[in-house]
Amino acid sequence: MRMRGSVPFRGGGFAPRAVPVAGAATLIGLIALWQLASWAGWLPTLFLPAPQAIAIALYRLAVSGELWTHLSASLARLAIGWSLGTVTGLVLGFAVGLFSVARSPGMAVVSALFPVPKIALVPLFIIWFGIGEGSKIATLAFGVFFPTVINTAGAVDNVPRALIRMTQGFNLSRWSIIRKIILPGALPAILSGCRITTSVAIILLVAAEMIGAEHGIGAFVLAAGNLYDTDNLLAGIVVLSMLGLAVSWTIGRIERALLGWR
Amino acid sequence: MTAGLRLSFSGISHKFRDLLALDRIDLIAEPGEVTVLLGPSGCGKSTLLGIAGGLIAPTSGEVRADGEVAEDCLNPLTYVFQDASLLPWRTVAGNILLVLEDHKLTGAQRAARVEEMLALTGLSDFAGAWPRQLSGGMRQRVGIARALAVRPGCLLMDEPLSALDAQTRGLLLDEFAGLIARAGTTTVYVTHNLAEAVRLGQQIVVLSRRPGRVRQVVRIDRPLLGRAATDPDLLAIEAMLWHLIRDDAVAAAREIGDADAG
């Protein structure tokens, strides 16, 4: 075979770049299209309310103070339920990651109960913890607990053994190794686990507020849904989405503060 | 000058499951001397070093450490690892400080030791740098600074230069020779590199391919400082060592895909 000519470049591609402006522009563009389609009458209002209608519904909720009543009730449940599930999950996760005594029993229980839909357990929680706040917080805490255990145990397992051996070679105490090597080594994975569990908690919020909740974004969304009040339904969904964004942003800030070494 | 420890290995054998990695090793690392463990990959030399410092329990046999250590010694048997094993979430100074924190020293004493070690290894300008910002050679310097900070009675060095490029390796080899000679610490140095062996070794223990046995002990009675890479006597010893291990090295290299148990 004979070759002639300049060598063509063939090493390009497979290097996608992030353009944050394009992300924002896409969202704004989609909302604008949606609004235009509504104005043009292509989208029936009951089928999908216009962004304008959702904005107006949100504005009314905010002005009447209803939004804050619902939001504060939901935030309190989220904060307590998520914290409870996270703290207990971290404790069992570290135990599974560190101690033979806890490893197999802990993983057996977690593996058996993790796939159970927590929504299906709501009636049981109501019997156990009452129809008030107890059952709602328990639903969130249960939903957060299992993924936290699994994620934390995995995070501890993934701390490089070479670093642990190094500290053993310098005679650091067991407690020092846990505090100075395992904890910071597992922190990045634990924090990214928090992103998942906060989302799980927001999803479960609606389930938890299904029964016996007077206030709460979840309760509000369900009530609006039952009345086919789609403006308010979507206004509630937007609030939940914003909540998710706010939590994700907060975790991002915490990551930047604690994991500056990366 | 620290007098250093005498490290006596008697009847050390080690099995990984059914695989005999080390077979009845007897040897003595004399106080203040550099003993090089030389052998092809997979001969168990790193395992032997792990046994020497108590990080691996041998299947049979015993290592004894006898002698005086310095008054201010914090960790008699101290490792320098192949990959330096630095904590990525601590700065250079923080990594050295780590091994002083568990001991009863005042803050000022700790700071003084860290500063002294940084100066000794030429790292003073990098005290606040993160490990990810350092080159391989610099990381390995931090590794030796950390090891010397505890005023060891015996240095256990596991191929500390093998992950570096040839130029950096040559430069660091000279530095290590100087640091070891000045500290006067008993040193056990594991390598498969002949040039490192003749540059640093006062006693070179040649190990056979798996199962590792002591094949020959070569002595070089010449001070570490002043040994040159181009010294004809040393080159002759290097050639003799190559002759000794060549067949084993070739056989070891042919065992493609075999896990490196060394």
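Parameters and conventions
Residues numbered from 1 in each chain as written. Chains lettered and ligands numbered in written order. Predicted model: local features only at pLDDT ≥ 70, side-chain atom pairs only at ≥ 80, totals over all residues. Buried ≥ 20, exposed ≤ 12 C-beta atoms within 10 Å, placed from the backbone. Helix = DSSP H or I, 4+ residues; strand = E, 2+ residues; numbered from the N terminus. Pairing = 2+ DSSP bridges. Expected span 1.5 Å × (residues − 1). Contact = placed C-beta atoms within 7 Å. Nonpolar A, V, L, I, M, F, W, Y, C, P; charged D, E, K, R; others polar. Domains from an automatic or database assignment.

(A) Main features of the pairing of strand 3 (residues 34-38) of chain B. Residue and element names in this part refer to chain B. In terms of burial, strand 3 is a largely internal element, five of the five residues being buried. Because side chains alternate across strand 3, one face comprises the buried residues V34, V36 and L38, and the other comprises T35 and L37, equally buried. With five bridges connecting them, strand 3 and strand 7 (residues 186-191) associate as parallel partners. Directly across from V34, in strand 7, lies its bridge partner T187. Both strand 3 and strand 8 (residues 203-207) contribute to a ladder of four bridges, which runs parallel. What sits directly across from L37, in strand 8, is V205.

(B) Representation of helix 4 (residues 136-149) of chain B in the model. All names here are of chain B. Here helix 4 spans 20 Å end to end across 14 residues, near enough to the 20 Å set by a 1.5 Å rise per residue. Most of helix 4 sits inside the fold, with twelve of its 14 residues counted as buried. By the burial criterion, the buried members of helix 4 are M138, R139, Q140, R141, V142, G143, I144, A145, R146, A147, L148 and A149. Packed against the buried residues of helix 4 are strand 5 (77-80), helix 2 (92-98), helix 3 (107-120), strand 6 (154-158) and helix 5 (166-183). Of the residues one or two after helix 4, R151 is the one with positive phi, at around 50°.

(C) Up close: the interface of chain A and chain B. Across the boundary between the two partners, chain A contributes 14 residues, which contact 16 residues of chain B. Within the residue set of the side of chain A that touches chain B, elements represented by two or more residues are helix 7 (161-169) and helix 8 (174-208) of chain A. Looking at the side of chain A that touches chain B element by element, the count peaks at six residues for helix 7 of chain A. Of the residues that constitute the side of chain A that touches chain B, the class distribution is seven nonpolar, five polar and two charged.

(D) Region of interest: the pairing of strand 9 (residues 214-219) of chain B. All names here are of chain B. Bridge count for strand 8 against strand 9 is five bridges, and the pairing is antiparallel. In the strand pairing of strand 9, V206 is matched with Q216. Between strand 8 and the antiparallel strand that follows it, strand 9, lie six residues.

(E) Focus on the domain arrangement of chain B. All names here are of chain B. The domain boundaries assigned to chain B delineate domain 1 (6-70 + 153-254) and domain 2 (88-152). With centres defined by C-alpha atoms, the gap from domain 1 to domain 2 works out at 25 Å. Secondary structure elements with two or more residues in the side of domain 1 that touches domain 2: strand 6 and helix 5. In terms of residue count, helix 5 provides more of the side of domain 1 that touches domain 2 than any other element does, five residues in total. Partitioning the side of domain 1 that touches domain 2 into residue classes produces eleven nonpolar, three polar and no charged.

(F) The arrangement of the environment of L71(A) in detail. Residue and element names in this part refer to chain A. With respect to the helices, strands and loops of the structure, L71 is situated in helix 3 (residues 66-98). Since 19 C-beta atoms lie within 10 Å of it, L71 is described here as partly exposed. Between the C-alpha atom of L71 and that of G236, which follows or precedes it by 165 residues, the distance is 9.7 Å. Each residue touching L71, except ones within four places of it in the same chain, is listed here: I217 and V239.

(G) Inspection of unusual backbone geometry at higher detail. Residues and elements named next belong to chain B. In this model, R210 is joined to P211 through a cis peptide bond whose omega is -5°. Among the structural elements, P211 can be located in the loop between strand 8 and strand 9. The phi torsion at R151 lies on the positive side, around 50°, for a residue other than glycine. Checked against the element boundaries, R151 lands in the loop between helix 4 and strand 6. Looking at R151, the number of C-beta atoms within 10 Å reads 19, which means it is partly exposed.

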